[in-house]
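Structural features, examined
Below are the chains, spelled out letter by letter.
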Amino acid sequence: MTAATLSLDPISPAIRPTQQDSDQRYRYQHYIDGAFVDPASNAWLETSDPVTGEDWAWVARGDAADVERAVTAAHRAFSEGAWPALSASGRGALMRKLGDLITENADWLARVEMRDNGKLFAELSMQMRYMANYYYYYGGLADKIEGTVIPTDKPGVFNYTRPEPIGVVACIMPWNSPLPLTSLKLAPALAAGCTVVLKPSEFTSASLLEFVKLVEAAGFPKGVVNVITGYGAEVGDALISHKLVERIAFTGGPEAGRMINEKAARHMKRVTLELGGKSPNIVFDDAELDQAIKGAVAGIFAASGQTCVAGSRLLVQDTIHDAFVERLKAFIADVRFGHPSDPATQVAPISTRPQLEKIKSYVEIAKSEGARLVAGGEPASVPGYPKGLFFKPTIFVDVKNSMRIAQEEVFGPVLSVIRFKDEDEAVRIANDTQFGLAAGIWTQSMRRALTMANRVRAGTVWVNNYRSTSTTSPFGGFKMSGVGREGGIAGIREYMETKSVWISTATDIPNPFIRR
Ligand code: NAD
């Protein structure tokens, strides 16, 4: 399938095509209180295809007035009507229905996502199918979050706890995995009984506006799920400071994360922050090197390095360093660039132009710091796609951990290779970063694997694999990589408050003015 013939026709009757303008561009409105509506200001953003450079859709440019409508609708849906009247089991049933609809429409969602962020269709199609599990898992969990009866030291009173939904949640997402990262928030929030206002990245809003058609088709009451699109500063700010929003669930860069944390603190909002990383992928000389090579490549070059867990610092034991780097170079030498819908394509474009510029600037920074470029380092020109945002897999060696290229997140296909001598030095380098999102360890020694997994400061540690995740397992960061956890049972707790209820069983309430 080439770009010219790429069809956006939906494959299931659950999704009807979004309206197209006379210039054939799609037009995506906000979704508020169960209806697609124009932005109050009637302002629109263009969204472009990173492969062809073509502006293919208009997206509503929201502002505080739109946020007000959406939050009011979400608050109404939380406080009255069908949603709070529904049992936890009833919420679970709706969520399982939504999971089924996602499975049926996975390829359609993948195609829209591909057009917006340029990821490989094969990868997206798998991701969309897997995403249904979030709704099955949290749908199943909805009626299993129990309170407790507490044995207190006060006679004549009965005390129990009740987990309750926190209220209206604002979810703010980045552009690299729009729908899966939305679902990591939306599924536990819905299972808990919350209502939500979703704010996708201004670069990749379209797939979420297709997705909410499935939410509607599953039968969720209006106002439970709302979508406002637009720029972070214009929409995000209004959401964070809105008095009816109780929690902010954010995935994005450390800078925006810090600002959001500060603002949320002023308004006493709860936050979940899933931020960036500079994750160490550590290869010892006793590793199975064939596997470690694949793990190093998957760690940094999957999705063109645009993943929060990218193993962007490759720590290689000095005894195998040079040979390992040679094998890495050979592995990536003949990668195939192309249209992400083509099954033969191995490397898709960078998702946005600003991101491509950022990657190029970090290559220059690394060179000026004295790191040695041994592969890539420049955009790739791909026949048929002169405006495509392709960038070659890039490897720097002779990197010192103090360099900016080793300390700052590039969020692109740029690998920094760093030598180490022994376990102690590997731990020191691995932990010498403001981040703590993930780490990889490659060794055949059980003792070493366990010791290293304990000593590395990161929310996720993979031993002899990289990137395994599951709906059932908690994910999140240490240090500047974030606050809170998504996934697993910990994920639903983020959307609940604990209420402690005291019931008197005494026949006589003591007189407060007479101490006994
Ligand atoms: P970003 O921080 O620029 O934007 C993320 C979202 O925040 C967007 O929707 C944006 O509009 C919004 N935003 C920006 N400024 C805001 C503000 N002042 N107030 C409110 N909202 C604001 O991030 P990005 O470039 O879209 O995504 C890349 C980043 O996301 C990387 O740093 C990556 O590591 C991180 N990420 C983290 C995880 C994780 O789970 N830890 C997963 C994926 C991506």
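Computed from a prediction, not measured in an experiment: that's the story for all the values here.

Considering the nonpolar core
- Core analysis: the largest hydrophobic core is formed by 61 residues, its most contacted members being Phe211 and Phe220.
- Of all the elements, helix 6 (residues 178–192) adds the most residues to this core, at 9 residues.
- Among the nonpolar cores identified, the runner-up in size contains 31 residues, and Ile350, Val414, Ile429 and Ala430 belong to it.

Describing the UniProt feature "active site" (unreviewed entry) in the protein
- In the UniProt entry, the feature "active site" (unreviewed entry) is given for Glu274.
- Relative to the helices and strands, Glu274 resides in strand 12 (residues 270–274).
- Setting aside residues no more than four positions away along its own chain, Glu274 makes contact with Phe250, Thr251, Gly252, Phe475, Gly476, Gly477, Ser481, Gly484, Arg485 and Glu486.

So, the packing of helix 5 (residues 121–141) against helix 6
- As a packed pair, helix 5 and helix 6 sit with axes 8 Å apart at the nearest point and diverge in direction by 15 degrees. By the criterion of interaxial angle, the relationship of helix 5 to helix 6 is roughly parallel. Judged by the sense of rotation from one axis to the other, the crossing of helix 5 with helix 6 is right-handed. Taking contact as the criterion, the partners of Gln127, Met128, Met131, Tyr134, Tyr135 and Tyr138 in helix 5 are, on helix 6, Leu179, Pro180, Ser183, Leu184, Leu186, Ala187, Pro188 and Ala191.
- Here the residues of the contact of helix 5 with helix 6 sort into 12 nonpolar, 2 polar and no charged.

Notes on the site of the ligand
- As a matter of local geometry, the ligand sits amid 29 residues, with Met173, Lys199, Glu202, Leu275 and Glu409 nearest to it.
- Measuring from an oxygen atom of the ligand, one finds a side-chain N or O atom of Trp175 at 3.0 Å.
- Between Glu202 and the ligand, the recorded distance is 2.6 Å, taken from a side-chain N or O atom to an oxygen atom.
- Bound to the protein, the ligand loses 88% of the 850 Å² it would expose on its own.
- Broken down by element, the residue count for the shell around the ligand peaks at 4 residues, all from helix 9 (residues 254–266).
- Here the residues of the shell around the ligand sort into 17 nonpolar, 8 polar and 4 charged.
- Shared between two domains, the shell around the ligand holds at least three residues of each, these being domain 1 (30–275 + 483–498) and domain 2 (280–463).

What about the domain arrangement of the protein?
- Domain parsing of the protein yields domain 1 (30–275 + 483–498) and domain 2 (280–463).
- A separation of 31 Å is found between the C-alpha centroids of domain 1 and domain 2.
- Contact with domain 1, which involves 18 residues of that partner, is made by 26 residues of domain 2.
- Between domain 1 and domain 2, a total of about 1,700 Å² is buried, with carbon and sulfur atoms accounting for 67% of that surface.
- Considering only the surface of domain 1 that becomes buried against domain 2, Val51, Leu120 and Trp175 emerge as the three largest contributors, covering 34% of it.
- Counting the contacts that link domain 1 with domain 2 gives 0 salt bridges.
- There are 5 residue pairs in polar contact (both at pLDDT 80 or more) connecting domain 1 and domain 2.
- Where the side of domain 1 that touches domain 2 is concerned, the elements lending two or more residues are helix 4 (106–117) and helix 5.
- It is helix 4 that contributes the most residues to the side of domain 1 that touches domain 2, 3 residues altogether.
- Residues of the side of domain 1 that touches domain 2, tallied by class, amount to 9 nonpolar, 5 polar and 4 charged.

Quick look at the sheet that holds strand 16 (residues 394–397)
- Strand order across the open sheet formed by 7 strands is 15-16-17-14-13-18-19, with mixed pairing between neighbours. The two strands at the open ends of the sheet, each matched to only one other strand, are strand 15 (372–375) and strand 19 (460–463). Sheet twist, expressed as the mean angle between neighbouring strand axes with direction ignored, is 25 degrees.
- Bridge count between strand 14 (residues 313–317) and strand 17 (residues 414–420): 5 bridges; the pairing is parallel. Bridge pairing in strand 17 places Val316 opposite Arg419.
- Against the sheet, helix 12 (residues 353–369) touches strand 15, strand 16 and strand 17, its axis set at about 20 degrees to strand 16.

Criteria and cut-off values
- Residues numbered from 1 in each chain as written.
- Predicted model: local features only at pLDDT ≥ 70, side-chain atom pairs only at ≥ 80, totals over all residues.
- Heavy atoms only, no water.
- Core = buried A, V, L, I, M, F, W, Y, C linked by side-chain atoms within 4.5 Å.
- Buried < 20%, exposed > 50% of the residue type's maximum accessible area, 1.4 Å probe, protein only.
- Helix = DSSP H or I, 4+ residues; strand = E, 2+ residues; numbered from the N terminus.
- UniProt positions renumbered as here; feature names shortened; annotations may be inferred.
- Contact = heavy atoms within 4.5 Å.
- Axes fitted to C-alpha atoms, helices over the stretch in contact; angles between N-to-C directions.
- Parallel < 35°, antiparallel > 145°, perpendicular 65-115°, else oblique.
- Left-handed = near helix turned anticlockwise from the far one by under 90°.
- Nonpolar A, V, L, I, M, F, W, Y, C, P; charged D, E, K, R; others polar.
- Near = heavy atom within 4 Å.
- Polar contact = N/O pair within 3.5 Å; in protein donor to acceptor, adjacent residues only side chain to side chain.
- Areas by Shrake-Rupley, 256 points an atom, 1.4 Å probe, with all protein chains shown as cover.
- Domains from an automatic or database assignment.
- Buried area = accessible area lost by both parts, 1.4 Å probe.
- Salt bridge = Lys/Arg side-chain N within 4 Å of Asp/Glu carboxyl O.
- Pairing = 2+ DSSP bridges.

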